[in-house]
Amino acid sequence: MSEQGVAGSEGKAAALQKAAAAPVPEKRSIFRFPIEACDVSDRASLAAYREKLETWTEYFEGDPDASLAGQFGDMMWFDVAWRSANHARQFAKEDGSNASVAPLIAMMLDRGFVAGQVIAITRLLERPPVNQPKKGVISLPRIVDEMRAARPLITRENFVCHDALPYDYEALQAAEFERLAAELEANPDMVRRVNLSMIGPEGFDQSRMDHELFDQLSGVAPEARSRGDLIAVAFFDRLDELLADELLGEIKALRNKSIAHAADAFSRAQVPDLRSGISLKDFDRAHYLLFAVFQTLSVVLFGKWRASPVPVPQHNMFEHLTDAFLAEKRLGDMQDFWKAHSGEREDWMTRAFHEVLPDNKPAQKAPPEGGA
């Protein structure tokens, strides 16, 4: 090894050591208030529940690609991109044929769209392998399964008060309304704006809404509320029912037997009514079912209502679509490219075969001068 190589290795080692010694930035909590500020009777249970919420937040938004939000955004971005390209085809009859209806491009777009959507949908439906728990996947069933398992932690008081909202909001609400009424009586002509606190110990109106949501989740009437109320098992059953919809099962079979794996005839025959194709309405319905679960989990776990699932374009989506795909004078170059590409792959068939089974025949010697 050269001196330069040794010096370079030492420099790299020093850099790695320095990086390892650097303080790791502390992870920012999703909670505004400490557990001590929360109006609960069982703080150990609340601590465990908050830990679960931290984990589920990572599943939802932690990784821009693998998170649920990232997966939904990617799925819907390519969905609207293909549908836009497909929409452009309808103008070809009136405006004249163009690249939008070129068979080569149409084949790539259509097959890619179907395969991509099937894979995106089924990724969101995956469950971690039972016998390989370390091979975790981020999916909707995983969240539902983990929530069901953590049901004893999701009490009414933890649900409402996990970030210091008051459990008993009525007294705070009555006091605020009384204060506003007195102010209005003293100054009837004064223009005022009412701002209700939605966070922390003063957030009585948010507490009211969370109680009402938990009434729906638990099936408990407002007059029968208790701090220990739990989410009804029927809630989780309903989410599982949506995720087990017959259409989603057919899409999973389509992936396993036709797209992700080339199943043989016997294997395909074991799946009743295996689809050979899928319609846009099928994709619409599949997206709808997945959004039903995604939106519900987002609201229940984080109080977060998600608006449009289609990502907002950050540039002109239709730039260059009005330009021709290829100048006519380049057609010869394209033919040459196709021929060269095909010829190279044909050569692979011979070379690759002999890489597996080398030709060990002895080389023929040239005949002596004057003939054999």
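Heads up: these notes are all about the structure in this document. (Residues numbered from 1 in each chain as written. Predicted model: local features only at pLDDT ≥ 70, side-chain atom pairs only at ≥ 80, totals over all residues. Heavy atoms only, no water.)

1. Regarding the side chain of D229
Next up, step 1: Here D229 lies in the loop between α9 (204–218) and α10 (233–243).
Next up, step 2: Residues contacting D229, with those up to four places away along its chain left out, are I154, T155, R156, F214, V220 and A224. (Helix = DSSP H or I, 4+ residues; strand = E, 2+ residues; numbered from the N terminus. Contact = heavy atoms within 4.5 Å.)

2. Comments concerning the environment of D237
Next up, step 1: Relative to the helices and strands, D237 is located in helix α10.
Next up, step 2: For D237, a relative accessible area of 37% corresponds to the partly exposed category.
Next up, step 3: Separated by 89 residues in the primary sequence, D237 and R148 have C-alpha atoms spaced 9.4 Å apart. (Buried < 20%, exposed > 50% of the residue type's maximum accessible area, 1.4 Å probe, protein only.)

3. Remarks on helix α13 (residues 280–302)
The periodicity of an α-helix, 3.6 residues per turn, causes residues three or four places apart in sequence to face the same way.
Next up, step 1: Under the 1.5 Å per step criterion, the end-to-end length of α13 is 32 Å for 23 residues, consistent within 8% with the ideal 33 Å.
Next up, step 2: Downstream of α13 by a residue or two, G303 has a phi angle that is positive, lying close to 65°. (Expected span 1.5 Å × (residues − 1).)

4. Some thoughts on the pattern of salt bridges
Next up, step 1: A complete count under the given rule lists 21 salt bridges for this structure.
Next up, step 2: When the shortest N-O distance is used, the salt bridge between E61 and K304 registers 2.7 Å. Note that E61 is positioned in helix α2 (residues 43–62) and K304 in the loop between α13 and α14 (331–356), a separation of 243 residues in sequence.
Next up, step 3: Take E61: its relative accessible area is 37%, and that puts it in the partly exposed class.
Next up, step 4: Across the pair R127 and D145 runs a salt bridge whose closest N-O atoms are separated by 2.8 Å. Residue R127 is found in the loop between α5 (103–123) and α6 (140–149), and its partner D145 is found in helix α6; the two are separated by 18 residues along the sequence. (Salt bridge = Lys/Arg side-chain N within 4 Å of Asp/Glu carboxyl O.)

Everything listed is a geometric property; what it means functionally is a separate question.
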